[in-house]
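Tertiary structure, described
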Amino acid sequence: MAHRTAEQVLDPDVRARLAALTDIDPELVLDDLTTPAAHRALADAELLVTGWGCPRIDVAVLDAAPRLRAVVHTAGTVRHHITAACWERGLTVSSAAAANAVPVAEYTLAMILLANKRVLDTARTYRTERRRIDWNARHPDAGNYRRTVGILSASVIGRRVIDLLRPHDLNVLLHDPFVTDTEARDLGAEPVSLPDLFTVSDVLSVHTPLLPETRGLVGRELLGRLRTGATLINTARGAVVDQTALTGEVVSGRINAVLDVTEPEVLPADSPLWDCPNVLITPHIAGSKGGELRRLADLALTEIESYALGRPFAHPVRPEHLARLA
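Quick caveat: nothing in here was measured; it's all calculated off a predicted structure.

Definitions and limits used
Residues numbered from 1 in each chain as written. Predicted model: local features only at pLDDT ≥ 70, side-chain atom pairs only at ≥ 80, totals over all residues. Heavy atoms only, no water. Salt bridge = Lys/Arg side-chain N within 4 Å of Asp/Glu carboxyl O. Buried < 20%, exposed > 50% of the residue type's maximum accessible area, 1.4 Å probe, protein only. UniProt positions renumbered as here; feature names shortened; annotations may be inferred. Helix = DSSP H or I, 4+ residues; strand = E, 2+ residues; numbered from the N terminus. Pairing = 2+ DSSP bridges. Contact = heavy atoms within 4.5 Å. Axes fitted to C-alpha atoms, helices over the stretch in contact; angles between N-to-C directions. Polar contact = N/O pair within 3.5 Å; in protein donor to acceptor, adjacent residues only side chain to side chain. Core = buried A, V, L, I, M, F, W, Y, C linked by side-chain atoms within 4.5 Å.

For the rest of this paragraph, the subject is the pattern of salt bridges. Going through the model one piece at a time under the given rule, you end up with 16 salt bridges. Among the ionic pairs, E249 bridges to R254, the shortest N-O distance being 2.7 Å. Of the residues examined, E249 reaches a relative accessible area of 15% and is grouped as buried. Classification of R254 by relative accessible area gives partly exposed; the value is 21%. Residues participating in the shared-partner salt-bridge network are D11, D13, R17, R294 and D298.

Take the UniProt feature "domain: D-isomer specific 2-hydroxyacid dehydrogenase catalytic" (unreviewed entry) in the chain next. Per the UniProt annotation, the sites labelled "domain: D-isomer specific 2-hydroxyacid dehydrogenase catalytic" (unreviewed entry) are residues 31-317. Secondary structure over residues 31-317 splits into 38% helix and 14% strand, and the C-alpha atoms at its two ends are 22 Å apart.

Attention now moves to the sheet that holds strand β9 (residues 256-259). Strand order in the open sheet formed by 7 strands is β6-β5-β4-β7-β8-β9-β10, and the pairing between neighbours is parallel. Edge strands, defined here as strands with exactly one partner in the open sheet, are β6 (190-191) and β10 (279-281). Along the sheet face, helix α9 (residues 156-165) touches β4 (147-152) and β5 (170-175) and points at about 160 degrees away from the line of β4.

A few words now on unusual backbone geometry. Along the chain, E263 connects to P264 via a cis peptide bond; the corresponding omega equals 5 degrees. Tracing the chain through its elements places P264 in the loop between β9 and β10. Positioned with a positive phi, R118 is a non-glycine residue whose angle comes to about 60 degrees. Checked against the element boundaries, R118 lands in the loop between α6 (97-116) and α7 (119-129). A relative accessible area of 17% places R118 in the buried class.

Below, the discussion takes up the UniProt feature "domain: D-isomer specific 2-hydroxyacid dehydrogenase NAD-binding" (unreviewed entry) in the chain. Per the UniProt record, the feature "domain: D-isomer specific 2-hydroxyacid dehydrogenase NAD-binding" (unreviewed entry) sits at residues 110-286. Spanning residues 110-286, this segment combines 34% helix with 16% strand, and its end C-alpha atoms are found 11 Å apart.

Along helix α13 (residues 243-251), the positions that sit buried rather than exposed are Q243, A245, L246, T247, E249 and V250. The secondary structure elements touched by the buried residues of α13 are α12 (220-225), β8 (231-234), β9 and β10. Among the residues of α13, the N-terminal cap falls to D242, whose side-chain oxygen and the backbone nitrogen of T244 are separated by 3.1 Å. One or two positions beyond α13, positive phi appears at G253, with a value near 85 degrees.

Turning to the nonpolar core, a few remarks are in order. Ranked by internal contacts, the top residues of the largest apolar core, which has 26 residues, are F198, L232 and L246. Contributions of two or more residues to this core are made by α11 (194-200), β7 (203-206), α12, α13 and β9. Residues contacting F198, with those up to four places away along its chain left out, are L152, L204, V218, L222, L223, R225, L226, R227 and L232. Counting 24 residues, the second-largest nonpolar core is a separate cluster that includes A105, L109, V161 and A286.

Encoded structure:
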């Protein structure tokens, strides 16, 4: 992993626990697996603890690591470093995606509730007009009671969002082509078609992984189905949404957007989205930040303990599921 990642995720207590579970040099951090120092470490390595900034584990790396059997990733997606050669070797891989899903789902829940309450609109108007206003008259549709929330994809995060929505008096809809109607209802959502999800939702939350077939999935036609005043929330990947089509919709003022991810990741300085009063842009902060990083480390430590005891991982990444994973 990157040295900065190690500093942030592997605090002294985590490193001490690692040293207690394994035969490891807790100070050895590799961000390049081709150096002589890396090859010396890889020669005897049975398990790799990886994180953001990990180089690709390709055939050359595996040739230098003949004893390697497992990888425990302290973050979500493993697409950036786990290669086909790893699966061909038969490596067992674990990911902390479930731990990283927690803050993303919490962020999403907060934004759903705030969007339905029309908090950003109200705060902006109040700051501008600075007087007593009949808010019920100004926003007669505000509030969360019996509002409709659409969830696009029952990913790990999407499922957790649905679960967090349970205590609230909301109608929750789901579209996911890989989830049966019975499974959707068991999760706590009503299954609907993709067009209907956009047509009837007051808030539409995107949780689709970025795959070749999902790039630009949320395009002009689907965005046009959102009712006037609806809110689109994207905490997945920016490229799942057609940025040009979205820009046109929000610049017109017809819909609102909460974007924790964009395409590109940092918008150009002259992007009209920056100045849209009905758009909230955050810099990819929904995932684990600050103290939440410890949750990632704790999950990884639990997986390493399971491996040391000869038990299977609780959060394995399986190659047959890669086509649907972020």
